[in-house]
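Reading the structure
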Amino acid sequence: MTGRPRTPTAHLSRPVKTLVRSATALAAGASLVVGCGGVPGVTGGSGDGPVTVMTWAPEETGATNKPGMPAMAKAYARWINSHGGLNGRKLNVITCNEQNDTVGAAACARRAVKKNVVAVVGSYSQYGRSFLSPLASAGIPYIGGYGVTDAEFSNPLSYPVNGGQPALLAGLGRELAKSCGPVTLVRPDTIAGDEMSVLLDSGLATGGHAPAIDQQAAEDATEYDQHVVRALERATADPQKKGCVVPALGDHTDTFMDSFRRTAVDYPAVRTASVLGSVDQSVVDTTGRTYEGAYVTGWYPASSDTRWKAMRQVINAEAFGDNRIDVADAGVQTTWIAYTVLKKAVESLGDDEVSATAVRRSLDKGLKVSTGGLTPTLSWGYQNLLAASGFPRLINSHVTYQVVRKGQLVAVHKGFTNVSRTLESVN
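- The protein chain has the name Leucine-binding protein domain-containing protein in an unreviewed UniProt entry, where Streptomyces montanus is given as its organism.
- We quote the UniProt Sequence similarities (unreviewed entry) comment for the protein chain here in full: "Belongs to the leucine-binding protein family."

1. So, a negative patch on the surface
- A contiguous patch of negative charge on the surface is contributed by D48, D351, D352 and E353.
- Residue placement: D352 occurs in the loop between α12 (330-348) and α13 (356-364).

2. What about the state of the cysteines?
- Taken as a whole and judged by the stated rule, the model has two disulfides.
- A sulfur-sulfur separation of 2.1 Å characterises the disulfide bridge that pairs C96 with C108. For the disulfide bridge between C96 and C108, the dihedral angle about the S-S bond is near -85 degrees, and by the sign convention the bridge is left-handed. In this pair, C96 is assigned in strand β2 (residues 91-97) and C108 in helix α4 (residues 102-114), connecting sequence segments twelve residues apart.

3. Quick word on α12
- Taking 1.5 Å of rise per residue, the 19 residues of α12 would be expected to cover 27 Å, and the 27 Å separating its terminal C-alpha atoms lies within 8% of that figure.
- The buried fraction of α12 is high, at 15 of 19 residues.
- Capping of α12 at its N-terminal end is provided by D329; its side-chain oxygen lies 2.9 Å from the backbone amide nitrogen of G331.
- In the stretch just after α12, G350 is the one whose phi turns positive, near 60 degrees.

So, how was this worked out
- Residues numbered from 1 in each chain as written.
- Predicted model: local features only at pLDDT ≥ 70, side-chain atom pairs only at ≥ 80, totals over all residues.
- Heavy atoms only, no water.
- UniProt positions renumbered as here; feature names shortened; annotations may be inferred.
- Patch = residues over 30% accessible without salt bridge, like charges linked within 9 Å, V, L, I, M, F, W, Y side chains within 5 Å.
- Areas by Shrake-Rupley, 256 points an atom, 1.4 Å probe, with all protein chains shown as cover.
- Salt bridge = Lys/Arg side-chain N within 4 Å of Asp/Glu carboxyl O.
- Lys, Arg positive; Asp, Glu negative; His and termini not counted.
- Charge placed at Lys NZ, Arg CZ, Asp CG, Glu CD.
- Helix = DSSP H or I, 4+ residues; strand = E, 2+ residues; numbered from the N terminus.
- Disulfide = S-S within 2.5 Å.
- Expected span 1.5 Å × (residues − 1).
- Buried < 20%, exposed > 50% of the residue type's maximum accessible area, 1.4 Å probe, protein only.
- Polar contact = N/O pair within 3.5 Å; in protein donor to acceptor, adjacent residues only side chain to side chain.

What follows is the structure, encoded as structure tokens:
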């Protein structure tokens, strides 16, 4: 998980909001949607015509990249179209390089509006305010975003399939509180990064642990030697308790850990931990024993779990040899689940028109979506929304705990852990 570069948009909200503000925003957004949401998606999905959607993610940038998400979307479209389409309709997927900046995110959103897409599905962007405003104005639902910004959990047209960064960090804090001495969080020096310490601390607090030491770092640095030294000095400050270092720098977490591996031998032993998106099985595979014993919180079962069999079959059939698609990547997994939601929503409409408005109404009415055990049953009906002031659109607050053992990410606990109470305590 990663943050975003600083921009002049200092007014962007943090996840610490009051329930009154969130409720007001929801009401205002809902009124806007009802008034003007019927146009987009009509030409993209009416009658027996194709259902047109968009998937975007940053590619070939200096920070975090998620090329596997649009690649997975294209593979899914080829597979579903070879099996009769979405309820008999062809699925047309448009992809967009979000470029990891506000201009790129807004440009992708405007293109989605221009193309009259039914939905934006299974996408990644750190700039929620930039893309959600154009989508909301056009009534286009955002299904299955990666969950890196708080806006994805407050905008009424967002339908998150996981608990995003909030659930991962709150869940990690809960787990580390059981066994860690001093905790040092190394995170991006960005607006999104600022949110991380609050969320990790909320989890630590549930176990009576002191707040983590908040250490900022550039998300696109080429080396982190000095950051590693500071993190180790802080984590080993108490000789009576084994400290923990938590790097959460997205794609650059591996760069941090490369320095950490060389430097840690000169310090007392510490435990490392991170979140899915900064560490996954593919990262572990390329770094030898660097992550051995590290805790990682995720949204879904480990990539080796048999519940991913269907996704693997689609990749083997439609994208074999495409090295952009990694079955262990949380972005690829999120895209798969998001398209599962889209498929269920379109099927629920039967022979009726498939439009942005129709898809949104189906989801708002409490459509239940089974993901084969990869998540709890997903539903965005009012009764399913989490009662947390900063995250009114969050419906899935479950996380999984994994640990690296003999080079493999394996489950620490069987099943999911619900961190809703921890999130409700964030202030």
